[in-house]
Amino acid sequence: MNKILFFVLIILFISSALLGFSDIFITYKSGECKVDIEGNGEWIEAAIDMELYSSSVIKTGPDGELEIEVDEETISIGRNSIMELNDLLERVGEKKKTGWLKNISKYAKSIGRDDETYASTALAGVRGDDTGGEELEWFEDIEEGVIKEYQKGKEHFEKGNYTKAIQIFTDVIDTEETVSFRDEVAFYLGVSLFNNLRYAEALPYLNESIANKRTYFFELALIHYSITNYFLKNYTRAIEGFNTYTEGFAEGYLKPYAVLMLGKCYKAVGKKEEARGYFTEVKEKYKDTDVYYDALTELRAL
């Protein structure tokens, strides 16, 4: 009997080790990029197909960009960045725990498809309502330049090509032509960075995108802003954001997610009774949603 128990424990140990193992490879490199493979201060030039480990550290220069593949996630690392793979793996693990995030991502990809007039309307507004030859010529010049690039960025965003979308939105957001709808560009850039697990970089843009509550993307901007603050452990701001959502979108599609996240925020700051209340609300009101079982799991853990 003891031998059987011993073998069972060995199998469980091996299974756990395999489950925690992740192949990490560099899939794209541009510009100056270095890697400290062992995390011991010895830097070498990064190369495509180079295998990395949890102890590895990545450093990019002023023109450097990398893409790495980890657990079927493609993650880009932008210019002038230092990334510890241990931290990145933690973010990937956290994202996998919240599997319902993929549904929010699908919703975000489709949100702008039926509202292509926002940018054009805002753009026209910056020069007034005059549609004379000079104004029309100016608008057409813009359409062939920055705005055309911006639309390309949105196309990449809708396809989930966040690395390319980030590159385009970063290039156009500070241009004069996008001043009148910068908040919209900030929304797409912030969400793209969020989906690339670059939360600290995403937060300023998401904060900018929630300044105007009348935009078509405000609901999604607010939920991404709040979740980003949660991942960055800014729990007070996350709670404020989720409360703003539940108050402003009482029948909103994303309300069950906001309620669940309020519970997770209060749990994180040690307020178990408040957390229990939100998890119970999800359990009782949102049985047909994909956060129902998450709430049950959270309740059992309290």
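So, a few notes on the structure that sits alongside this text. (Residues numbered from 1 in each chain as written. Predicted model: local features only at pLDDT ≥ 70, side-chain atom pairs only at ≥ 80, totals over all residues. Heavy atoms only, no water.)

1. Digging into the overall build of the chain
Assigned secondary structure in the chain consists of 14 helices and 8 strands. Sorting the 302 residues of the chain into buried and exposed places 45% on the buried side. A fraction of 53% describes how many contacts in the chain between residues 6 or more apart in sequence connect residues 24 or more apart. A total of about 16,200 Å² of accessible surface is found on the chain, and carbon and sulfur atoms cover 51% of it. (Helix = DSSP H or I, 4+ residues; strand = E, 2+ residues; numbered from the N terminus. Buried < 20%, exposed > 50% of the residue type's maximum accessible area, 1.4 Å probe, protein only. Contact = heavy atoms within 4.5 Å. Areas by Shrake-Rupley, 256 points an atom, 1.4 Å probe, with all protein chains shown as cover.)

2. Some words on the sheet that holds strand E4 (residues 51-52)
As summarised here, the arrangement of the 4 strands in space is E4-E1-E6-E7, forming an open sheet in which the pairing is antiparallel. Because the sheet does not close on itself, it has two edges, and the strands there are E4 and strand E7 (73-77). Looking at chain direction, strand E1 (residues 24-30) and E4 are connected through 2 bridges and run antiparallel. Counted as the bridge partner of phenylalanine 25 is glutamate 51 from E4. (Pairing = 2+ DSSP bridges.)

3. Some words on the nonpolar core
Within the largest apolar cluster, 79 residues are counted, with the highest numbers of intra-cluster contacts made by Leu52, Ile68, Trp100, Ile104, Ile223, Ile227 and Phe242. With 9 residues, the top contributor of residues to this core is helix H10 (residues 218-231). Residues in contact with leucine 52, not counting those within four places in the same chain, are Ile24, Ile26, Val35, Ile37, Ile58, Ile68 and Leu85. (Core = buried A, V, L, I, M, F, W, Y, C linked by side-chain atoms within 4.5 Å.)

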